[in-house]
Amino acid sequence: MEMFHQIKIRHPDRQSQRFVYRNRPSDHMQVYVMDVATFGSTCSPASAQYVKNLNAQEYIEKFPRAAKAIIDNHYVDDYLQSFTTVAEAIEVTKEVKHVHSKGGFTLRRFLSNSAEVLNSIGDPAEETSKDLMLERGENTGSVLGMKWKIKEDVFTFSFSSNENIRHILREHHIPTKREVLRVVMSLFDPMGLISFFLVHGKTLIQDMWVKGIEWDDQIPTDLCQRWGEWIKLLPHLEKLRIPRCYFRSPYPENLHDLQLHVFVDASETAYCSVAYFRIEIDGMIHVGLIGGKTKVAPIKTISIPRLELKAAVLGVRMLNVIRDNHSFPIKRHILWTDASVCLAWIQSANPRRYQQFVSVRLGEILTSTEPRDWRWVPSKQNVADLATKWNNGPELTMDNPWLRGPSFLHESEARWPAKQSVSDTDEEVRATHLHIRPVNPPIDLARFNYWRKLLRSVAYAIRYIENLRRKVSDTPLEVGILKQNELRKAELALWKFAQHEAFPEEVTKLSKTLGGPDERHGNVRKSSPIYKKWPFMDEEGVLRMRGRIGASIYATFAAKYPVLLPKNNHLTFLIVGWYHYQYRHANRETVVNEIRQCFDIPNLRALVKKVSEAATDGFPPKNAPGSLHQAVYLHRSGLSRSSTSACRSS
């Protein structure tokens, strides 16, 4: 508020800060206006920031370092900056103080870990520690307040004997939800230095909400036990001495070799990221804790891989904040996770093929990082794991890997966890919506009762279509008796029509792996009626079956890989009838054996029986084309039978 009062308001704008006032109810109302910016006015913070920076810009040529410090290193009216030497700190601080005084701002109550700096600027320290609580006016009234021990230059967490809190922490006291929330929310840790401990208190609060406990109801026994285990660790926080500086003196000269390492992890209750700086100075490796960030897992249950992905996003956001808010360059950054599925997602060649939840977060991750920046680390060496799992309770000592960094970072890179080869994963793959376009034959198959007549009709239809194309290209037309290759094309077309009608999904999927019997058939669903047939699509687009006979060197291709036909199809009925007539109404097993040399038809024996019974009842007529009598005539006259028989002998 004092900063606002140093800024005068233009005379025409003062009326916007008009108010009425009187000392007694009997007095007349008097109208006042504020001449300066006042606390509570919406524009005051923006105006104060603008005036502060404008004043610095006026002196940027004469005091460039001070102007930059005022613009970049101020948080409202608080000035925070670090220096490599005492002399630089004294010089820049005096310049900042001088520039501010030109704009009517007075900086006071400086704190520094160097007494020489404070004495030189004429503001000796009156405090040995600085309470870093956000609330103005609070010093030691909080349960756990983060403090800066100026002489030791470390951060500590002091445990207060506040009477309003002490009764909540008694050993046999059963707290209410309001009391638990009061204690947990009193813990101030802006940089996440002890977030590996605080997150377990937050998960306890979440469990109270899930159970529907009212504000002034005592928590149940199971939660009370967890509460007791958690508060027993509070006194140990006083023993922590976390260095304010990332690296101890002397100030490192080779900052160009600085590395940033971010660890992420997740569990059913929470997910976390924690970051460290690593640098080698005079042959010694130094690792400094930057901070951590923890979040309680959503109440709505989601899978562990998705939580691991949310932790990865949290780590990337933390990485960006660290890079944007540090003045020294970061040569290399590495992100570590123990989730193989998450790594597979990040290293996937096509992140868009995953569900929207995954693909959106992968987009954010890959915007700021590259897949090569991510590495695998065993769970036992992942320091982020300390925040996501309680185990035997967190270790509140300076030897905790969270505070000093994982042990392998203190060693050479050759001793880091080896990169694990991550294979692609189908988890969370976006569902494929298959739209099948029905394929209708050019001829109504139901109009035909005889295979040979149907075959020749289709062959003539195909010849007609091809002759139309030949006219366009000025090539000779096909005329006269049907040729063997034309009958073969018609036969293939009829098989495909039957397969498209019975197995549309399988045809569509297997057409993508067109190649031969050596191709995999993993695209076919296990619920498919032909899954156990080990189907494949040949080069002509016909579905065929694989089996052990495929290893034979004597069997024909048609016998090794018979064509798959549906049992309840008019075309299949006609083909079986043709075989039945061809073999003179012979024994049914003979017909079955001959059909299997070329086709695989489910319940074939039952279908052959049905066809033979139909023939006994006078179907088809005696002189019908394709019947037994017609077949004998064709054979004696030297004319070729349909190419079905050619298929058997090819």
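Residues numbered from 1 in each chain as written. Predicted model: local features only at pLDDT ≥ 70, side-chain atom pairs only at ≥ 80, totals over all residues. Heavy atoms only, no water.

Caption draft 1: Expanded view of the overall build of the chain. A count of helices and strands for the chain gives 22 helices and 17 strands. When the 650 residues of the chain are sorted by exposure, 43% land in the buried category. By element, 51% of the accessible surface of the chain is carried by carbon and sulfur atoms, the whole surface being about 36,700 Å². (Helix = DSSP H or I, 4+ residues; strand = E, 2+ residues; numbered from the N terminus. Buried < 20%, exposed > 50% of the residue type's maximum accessible area, 1.4 Å probe, protein only. Areas by Shrake-Rupley, 256 points an atom, 1.4 Å probe, with all protein chains shown as cover.)

Caption draft 2: View of the pairing of strand β11 (residues 284–296). Note that strand β10 (residues 270–281) and β11 share 12 bridges and pair antiparallel. Within β11, the residue paired with Ala-270 across the bridge is Val-296. From the end of β10 to the start of β11, which pair antiparallel, there are 2 residues, and Asp-282 there has a positive phi angle of about 55 degrees. (Pairing = 2+ DSSP bridges.)

Caption draft 3: Up close: helix α15 (residues 484–502). In this model, α15 (19 residues) spans 27 Å end to end at C-alpha, consistent with the 27 Å of a helix rising 1.5 Å per residue. Considered for burial, the residues of α15 that qualify are Glu-486, Leu-487, Ala-490, Glu-491, Leu-492, Ala-493, Leu-494, Trp-495, Phe-497, Ala-498 and Gln-499. (Expected span 1.5 Å × (residues − 1).)

Caption draft 4: Spatial organisation of the packing of aromatic side chains. On inspection of all chains with the given rule, the structure shows 20 aromatic pairs. Centroid distance Phe-263 to Phe-408: 6.0 Å. Interplanar angle 65 degrees. Geometry classified as edge-to-face. Taken together, the positions of Phe-263 in strand β9 (residues 259–266) and Phe-408 in the loop between α13 (401–404) and α14 (451–473) put the pair 145 residues apart, joining distant regions of the chain. Among the aromatic residues, ring-to-ring pairing joins Phe-263, Tyr-276, Trp-336, Phe-408 and Trp-416 into one connected group. One Lys or Arg, Arg-306, reaches over the ring of Phe-357 and ends 4.3 Å from the middle of that ring. The aromatic ring of Phe-357 is capped on one face by Arg-361, whose charged end is 3.8 Å from the ring centroid. (Phe/Tyr/Trp six-rings, centres within 6.5 Å; stacked < 30°, edge-to-face > 60°. Lys NZ or Arg CZ within 6 Å of the ring centre and 35° of its normal.)

Caption draft 5: Summary view of the packing of helix α1 (residues 44–58) against helix α3 (residues 86–102). For the pair α1 and α3, interaxial distance at closest approach is 9 Å and the crossing angle is 110 degrees. As far as their axial angle goes, α3 and α1 are roughly perpendicular. In terms of crossing hand, the pair formed by α1 and α3 is right-handed. Judged by residue contacts, Lys-52, Asn-55 and Ala-56 of α1 engage Val-99, His-100 and Lys-102 from α3. Grouping the constituent residues of the contact of α1 with α3 by class yields 2 nonpolar, 2 polar and 2 charged. (Axes fitted to C-alpha atoms, helices over the stretch in contact; angles between N-to-C directions. Parallel < 35°, antiparallel > 145°, perpendicular 65-115°, else oblique. Left-handed = near helix turned anticlockwise from the far one by under 90°. Contact = heavy atoms within 4.5 Å. Nonpolar A, V, L, I, M, F, W, Y, C, P; charged D, E, K, R; others polar.)

Caption draft 6: Molecular detail of helix α18 (residues 570–582). Between the first and last C-alpha of α18 there are 18 Å, a value that for 13 residues agrees with the 18 Å anticipated at 1.5 Å per step. With 11 of 13 residues buried, α18 is to be regarded as a mostly interior element. When α18 is considered as a whole, its buried residues turn out to be Leu-571, Thr-572, Leu-574, Ile-575, Val-576, Gly-577, Trp-578, Tyr-579, His-580, Tyr-581 and Gln-582. For α18, the side-chain oxygen to backbone nitrogen distance between the N-cap and Leu-571 is 2.8 Å, and the N-cap itself is Asn-569. Following α18 by one or two positions, Arg-584 adopts a phi angle in the positive range, close to 60 degrees. (Polar contact = N/O pair within 3.5 Å; in protein donor to acceptor, adjacent residues only side chain to side chain.)

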